[in-house]
Amino acid sequence: MSVVIPALNEALNLPHVFEALPAGLHQVVLVDGGSTDGTVEVAQRLRPDVVVVRQTRTGKGNALATGFAACTGDAIAMIDADGSTDPAEIHRFISALTDGAEFAKGSRFGEGGHSHDITPLRRAGNEGLNLVVNSLFGTKFTDLCYGYNAFWRRVVPVMDLPPTELPRAADGRKLWGDGFEIETLINIRVAASGMRVKEVSSIEHLRIHGTSNLNTFRDGARVLRTIVSEFRRRAAQRRAAAKTATRAGGATERIKTVPVLTVPGGNWCGTVDALLTAESQTTPAGTPPVVDGTTVGADQTEVRR
């Protein structure tokens, strides 16, 4: 298990988070977003084997994509650096994966889950967005906007996250998928792919130190836009797949029904492959070969020679 922890000025919170990490982890990846409070130094002091990477742009989405690219474990867990997600719960996610799930999704509102941090306004927004996604995509999520998840590393390509090597936007705005909409984007794309998703109950705690970078209205709007965008994206993919299938079916049908080789005056027609196969068969002298169940006449045999 590799654990990815995006962090921006979380030096005061890291001691609590690192202490709660379970023993035996394969890798801990800290993704730094340009901290100025000594976050990286604290992480390296607390855990000398920590892998520190610098995110290539700004935003949580880009931080996660950068962290995933650095992971070498069979499975990946994503947690927050502010102490709101409990690292001690990682064993629950591991159990879900080893029991057959491909994606273990944390839920604060499923059975056994709870949040000490979410405001009534944010909860109402989450429930509304959750309902929209379940209706549009046929999912059964109980908690759409929660970033505590774990999955097999082979799932990362399915997420199709914005490439980390892309430059920042000239106007300074985040690229689509680089912000807090990342959790919704990942949840929808994994579920829409048909992978086995299992929810895991989780308890969200209050941030220990500092203030959250989440903006209820701005980031809520980005999440809503993500849902609409993913619905259109999925519809476009289905149309493209249907068109490809139709073309393939039509090509196959033409090969089966359209004569590509005929013999003037004869009564046989068929494909080139069938004729070549017949020509390669050894038949007794004077016995015409059989092609696609039809006996080829002597006049036709003469033409093939």
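Residues numbered from 1 in each chain as written. Predicted model: local features only at pLDDT ≥ 70, side-chain atom pairs only at ≥ 80, totals over all residues. Heavy atoms only, no water.

Participant: I would appreciate a short explanation of the overall build of the protein in the present structure.
Facilitator: Scanning the protein from terminus to terminus reveals 10 helices and 13 strands. Put simply, of all contacts in the protein between residues at least 6 apart along the chain, 76% involve residues at least 24 apart. Only carbon and sulfur atoms are counted for the fraction: they give 55% of the accessible area of the protein, which is about 16,000 Å². (Helix = DSSP H or I, 4+ residues; strand = E, 2+ residues; numbered from the N terminus. Contact = heavy atoms within 4.5 Å. Areas by Shrake-Rupley, 256 points an atom, 1.4 Å probe, with all protein chains shown as cover.)

Participant: Can you help me understand a nonpolar patch on the surface in this one?
Facilitator: Where nonpolar side chains cluster on the molecular surface, the patch consists of V132, L136 and F231 and spans about 220 Å² of accessible area. By secondary structure assignment, the location of F231 is in helix α8 (residues 216-257). Residue class for F231 comes out partly exposed when judged on its relative accessible area of 38%. (Patch = residues over 30% accessible without salt bridge, like charges linked within 9 Å, V, L, I, M, F, W, Y side chains within 5 Å. Salt bridge = Lys/Arg side-chain N within 4 Å of Asp/Glu carboxyl O. Buried < 20%, exposed > 50% of the residue type's maximum accessible area, 1.4 Å probe, protein only.)

Participant: Just checking my understanding: could you explain the pairing of strand β3 (residues 51-54) for this structure?
Facilitator: Regular strands have side chains that alternate between both faces of the sheet. Here strand β2 (residues 27-32) runs beside β3; their pairing, made up of 4 bridges, is parallel. Among the inter-strand pairings, D32 is bridged to a residue of β3, identified as R54. (Pairing = 2+ DSSP bridges.)

Participant: What's the story with the pattern of salt bridges in this structure? I'm lost.
Facilitator: Side chains bearing opposite charge may pair, as long as their charged atoms lie close to each other. All told, the structure shown has 16 salt bridges when counted by the stated rule. One salt bridge in this structure joins E230 and R233, with 3.7 Å as the shortest N-O distance. Here R233 and E230 lie together in helix α8, a separation of 3 residues that amounts to about one turn. With relative accessibility at 3%, the residue E230 sits in the buried group. Bridged by salt links that share partners, the residues D160, R189, E230 and R233 form one connected network.

Participant: Hey, could you run me through the confidence of the model for the protein in this one?
Facilitator: Note that predicted coordinates carrying low pLDDT should not be read in detail. Here the protein shows a mean pLDDT of 83. Residues at 70 or above account for 79%. Here residues 252-268 scores under 50 on pLDDT; set against residues more than four positions off or in separate chains, the count is 24 contacts. (pLDDT = per-residue confidence, 0-100.)

Participant: What exactly am I supposed to notice about the packing of aromatic side chains here?
Facilitator: Pairs of aromatic rings are described using the distance from one ring centre to the other and the angle between the two planes. Taken as a whole, this structure holds 5 aromatic pairs when the rule is applied. Here the aromatic rings of F68 and F151 are separated by 5.3 Å at their centres, their planes lie at 80°, and the arrangement is edge-to-face. Of this pair, F68 sits in helix α3 (residues 60-70) while F151 sits in strand β7 (residues 149-152), and the two are 83 residues apart along the sequence. Residues F93 and Y148 carry aromatic rings whose centres are separated by 4.5 Å and whose planes lie at 25° to one another, so their mutual orientation is stacked. Linking F93 in helix α4 (residues 90-98) with Y148 in the loop between α5 (120-137) and β7, this pair joins segments that are 55 residues apart in sequence. The same class applies to F93 as to Y148, namely buried. Aromatic rings pair up to connect F68, F103 and F151 into one cluster. (Phe/Tyr/Trp six-rings, centres within 6.5 Å; stacked < 30°, edge-to-face > 60°.)

Participant: Where do I start with α4 in this structure?
Facilitator: Helical geometry note: an α-helix holds 3.6 residues per turn, so side chains three or four residues apart project in the same direction. Buried within α4 we find I90, F93, A96 and L97. Projected down its long axis, α4 shows its buried positions confined to an angular sector of 120°, all on one face. Against β1 (2-7), β4 (75-78), β5 (103-107), β7 and β8 (197-201) lie the buried residues of α4. Trailing α4 by a residue or two, G100 shows a phi angle of about 125°, which is positive. (Arc of directions from axis to C-beta.)

Participant: Can you walk me through the sheet that holds β8 in this structure?
Facilitator: Remark on secondary structure: sheet strands pair via backbone hydrogen bonds, oriented parallel or antiparallel. What the 7 strands build is an open sheet, ordered β3-β2-β1-β4-β7-β5-β8; its pairing is mixed. Each edge of the sheet is formed by a strand with only one pairing partner; in this case those strands are β3 and β8. Going across the sheet, the axis of each strand differs from the next one's by a mean of 20°, ignoring polarity. Note: β4 against β7, 4 bridges, orientation antiparallel. The partner of I76 across the bridge, within β7, is F151. Where α3 meets the sheet, its contacts fall on β1, β2, β3, β4 and β7, and the angle it forms with β2 comes to roughly 145°. Strands β4, β5, β7 and β8 of the sheet are contacted by helix α7 (residues 182-192), whose axis makes an angle of about 135° with β5. (Axes fitted to C-alpha atoms, helices over the stretch in contact; angles between N-to-C directions.)

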